[in-house]
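Secondary and tertiary structure notes
Single-letter residue listing:
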Amino acid sequence: MLYYDLHIHSCLSPCAEDEMTPNNICNMALIKSLDLIALTDHNSVRQIPAFAEAAEKCGIRALYGCELQTSEEVHVLGLFARAEDALSLQPWIDERMPGIPNRPDFFGNQLICDAEDRVTGTEERLLLVSLTADLDETIAAIHACGGAAVLAHVLDRENSVTNQLGFIPPALPYDGLEIKSTEEKQRILSSHPWIKEDGTVWLTDSDAHRLIAISEAEQALSEEMLSRLWGGRQ
């Protein structure tokens, strides 16, 4: 079993602290005895190269991803087993970014680091925006690059699919659901009879924006359940 946290933001996300550098994230995950982590910045994978090097250096297993905001303002995690697959999604994101300038004094810094945590650049466009792509288009783009699409924090959040759409559409081709507790799972199952408990990959992540918020070694995932995320798309 793998103790995991598959929803972590770096200093590239404006809502995350500047201390959320690739090496700091990986080392904190080791301190917390995690086996598997994923970097999932808002609407960008540009921190992935440094994160991949940091994870290899620290000896922690990594997935590579992003948290995309659809035109419906729904948050979707794209998770990739290979860094190059995650990076292949960036041109698609760039084409659908509205190009609103970031205001670091208001939204926060959007820092890009190298493998030694040195700041090498900044993202000038605000990342806390909706892409000009709907939920179906966003999931299709993740799948086209070999990734898994996980509906993020599906209950009780402003950018959850249930808040924005009112429910999880039966035909939506997602690969996993992110929840905060067993109680949330039961609420989803009771309100969505077409969702089967055993047929769904359930993830409980931190959505960490601070180092201390990265998960403790409490949630575990089997290799078989992890592989189900990609449904043969690797």
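It should be noted that the structure appears before, not after, this text.
Below is a summary of the structure that appears in this document. (Residues numbered from 1 in each chain as written. Predicted model: local features only at pLDDT ≥ 70, side-chain atom pairs only at ≥ 80, totals over all residues. Heavy atoms only, no water.)

Quick word on the sheet that holds strand S10 (residues 220-221)
With respect to topology, eight strands assemble into an open sheet ordered S9-S8-S7-S4-S3-S2-S1-S10, the strand pairing being mixed. If you trace the sheet from one side to the other, it starts and ends with strand S9 (202-203) and S10, each paired once. Looking at chain direction, strand S7 (residues 148-151) and strand S8 (residues 176-178) are connected through two bridges and run parallel. Looking across to S8, one finds that Val-150 is bridged to Gly-176. Against the sheet, helix H2 (residues 48-58) contacts strand S2 (36-42) and strand S3 (61-69), and its axis sits at roughly 155 degrees relative to S3. (Pairing = 2+ DSSP bridges. Helix = DSSP H or I, 4+ residues; strand = E, 2+ residues; numbered from the N terminus. Contact = heavy atoms within 4.5 Å. Axes fitted to C-alpha atoms, helices over the stretch in contact; angles between N-to-C directions.)

Comments concerning the environment of Asp-175
Relative to the elements of secondary structure, Asp-175 occurs in the loop between helix H6 (161-164) and S8. Residues Asp-175 and Gly-147, spaced 28 residues apart in sequence, show a C-alpha to C-alpha distance of 9.4 Å. At 2.7 Å, the side chain of Asp-175 forms a polar contact with the side chain of His-143. (Polar contact = N/O pair within 3.5 Å; in protein donor to acceptor, adjacent residues only side chain to side chain.)

Details of unusual backbone geometry
Of note, the phi angle at Ser-33 is positive, near 65 degrees, even though the residue is not glycine. Mapped onto the elements of the fold, Ser-33 is located in the loop between helix H1 (22-31) and S2.

Comments concerning the pattern of salt bridges
A pair can form between side chains of opposite charge whenever their charged atoms are brought close. Under the defined criterion, the tally for this structure stands at 15 salt bridges. When the shortest N-O distance is used, the salt bridge between Asp-85 and Arg-82 registers 2.9 Å. By relative accessible area, Asp-85 is classed as buried at 15%. Residue Asp-207 is joined to Arg-157 by a salt bridge in which the shortest nitrogen-to-oxygen separation is 3.2 Å. With Asp-207 in the loop between S9 and S10 and Arg-157 in the loop between S7 and H6, this residue pair connects regions lying 50 residues apart in the sequence. (Salt bridge = Lys/Arg side-chain N within 4 Å of Asp/Glu carboxyl O. Buried < 20%, exposed > 50% of the residue type's maximum accessible area, 1.4 Å probe, protein only.)

Points about the nonpolar core
Counting residues in hydrophobic clusters, the biggest one holds 60 residues, and the most contacted among them are Ile-25, Ile-37, Leu-89, Leu-151, Leu-177, Ile-188 and Ile-214. With six residues, the top contributor of residues to this core is H2. Apart from the residues lying within four places of it in its own chain, the contact partners of Ile-37 are Asp-5, Leu-6, Ile-8, Ile-25, Cys-26, Ala-29, Phe-51, Ile-60, Arg-61, Ala-62 and Leu-63. Formed by 17 residues, the second largest nonpolar core is a distinct cluster that contains Leu-2, Tyr-4, Leu-79 and Leu-203. (Core = buried A, V, L, I, M, F, W, Y, C linked by side-chain atoms within 4.5 Å.)

Digging into the packing of aromatic side chains
Per the counting criterion, the structure on display carries two aromatic pairs. Ring centres of Phe-106 and Phe-107 lie 4.9 Å apart, and the angle between their planes is 85 degrees; this geometry places the pair in the edge-to-face category. Take Phe-106: its relative accessible area is 57%, and that puts it in the exposed class. A relative accessible area of 30% places Phe-107 in the partly exposed class. (Phe/Tyr/Trp six-rings, centres within 6.5 Å; stacked < 30°, edge-to-face > 60°.)

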